[in-house]
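# Chain and residue survey
Next come the chains, spelled out residue by residue.
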Amino acid sequence: GLTAVGGGGSGNPITQVGLKLLTDSPFIGKTPTEIKFRISKDGSPTGVGTMKIYNGSNTLLATSTNTINVSTVADYPTYTQSTWTFSGLSALAENDTIAVQGWTADDSNKMQVKICSPQEYDNQQARKFDNGGWSNSGGSGDRQCDVCMA
């Protein structure tokens, strides 16, 4: 499935897309300096995107030290593996959310985030932020943002 920054229809745009680390996620306890998501521009979104990490209470823990300019991202349906960097990040914990946001986007001009569902990643949940709060995106099969950490 796909989830998009800017999707969601008029009046209720999705402003952040990412994943929540569930029990036994292989990312719990890691202190990455890089996190990579596969993204694509669909239409003509503008601006730059950042990555943010929130704890289980949705308190902001960290913001990437770099941004990704929409001009460097492939047009949908091709995806670009984009890297956000972090410095001094604490170890990731259960229920943390890793999300991308920041582009100027709407329902016709959005940033797609590739969601896939390999069985070995059933301990992450795709999430979206819209209408003032976080919610899970998709069903039980939409559990893994195609993400890498270093």
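Note: the structure precedes this text.
Predicted, not measured: the structure shown is a model, and the values here were computed from it. (Residues numbered from 1 in each chain as written. Predicted model: local features only at pLDDT ≥ 70, side-chain atom pairs only at ≥ 80, totals over all residues. Heavy atoms only, no water.)

## So, unusual backbone geometry
- Cis geometry marks the peptide bond from Y76 to P77; its omega dihedral reads 15 degrees.
- Tracing the backbone shows P77 in the loop between β6 (68–69) and β7 (80–85).
- With a phi close to 70 degrees, D24 is a non-glycine residue in the positive phi region.
- Tracing the sequence through the fold places D24 in the loop between β2 (16–21) and β3 (34–42).
- For D24, a relative accessible area of 64% gives the class exposed.
- Look at N58: it is not a glycine, yet its phi comes out positive at around 65 degrees. (Helix = DSSP H or I, 4+ residues; strand = E, 2+ residues; numbered from the N terminus. Buried < 20%, exposed > 50% of the residue type's maximum accessible area, 1.4 Å probe, protein only.)

## Some details on the nonpolar core
- Ranked by size, the top nonpolar core spans 24 residues in total, and within it F37, I39, W84 and W103 carry the most contacts.
- Of all the secondary-structure elements, those providing two or more residues to this core are β2, β3, β4 (48–54), β8 (97–101) and β9 (110–116). (Core = buried A, V, L, I, M, F, W, Y, C linked by side-chain atoms within 4.5 Å.)

## Details of the pairing of β2
- Counting buried residues in β2 gives 5 out of 6 residues, a clear majority hidden from the surface.
- Sheet topology note: the β2/β8 ladder contains 5 bridges and is antiparallel. When the bridges of β8 are listed, K20 appears paired with T97. (Pairing = 2+ DSSP bridges.)

## Comments concerning the pairing of β8
- β8 sits mainly inside the fold: 5 of its 5 residues count as buried.
- Side chains T97, A99 and Q101 project from β8 onto one buried face, and the interleaved I98 and V100 project onto a second face that is buried too.
- Of the strand pairs in this sheet, β4 and β8 are connected by 5 bridges, and their pairing is antiparallel. In the sheet register, I53 faces β8, and the bridge partner there is I98.

## Section: the packing of aromatic side chains
- Within the structure shown, the criterion is met by 5 aromatic pairs.
- A ring pair is formed by F37 and W84, whose centres lie 6.3 Å apart and whose planes are at 80 degrees; its orientation type is edge-to-face. Of this pair, F37 sits in strand β3 while W84 is found in strand β7, placing the two residues 47 residues apart along the sequence. When sorted by exposure, F37 lands in the same class as W84, which is buried.
- Each ring, one from W84 and one from W103, has its centre 6.5 Å from the other, and the planes form 70 degrees; the classification is edge-to-face. One end of the pair, W84, is in strand β7; the other, W103, is in the loop between β8 and β9, with 19 residues separating them in the sequence. Note on accessibility: W84 and W103 belong to one class, buried.
- Among the aromatic residues, those joined into a ring-pair cluster are F37, W84 and W103. (Phe/Tyr/Trp six-rings, centres within 6.5 Å; stacked < 30°, edge-to-face > 60°.)

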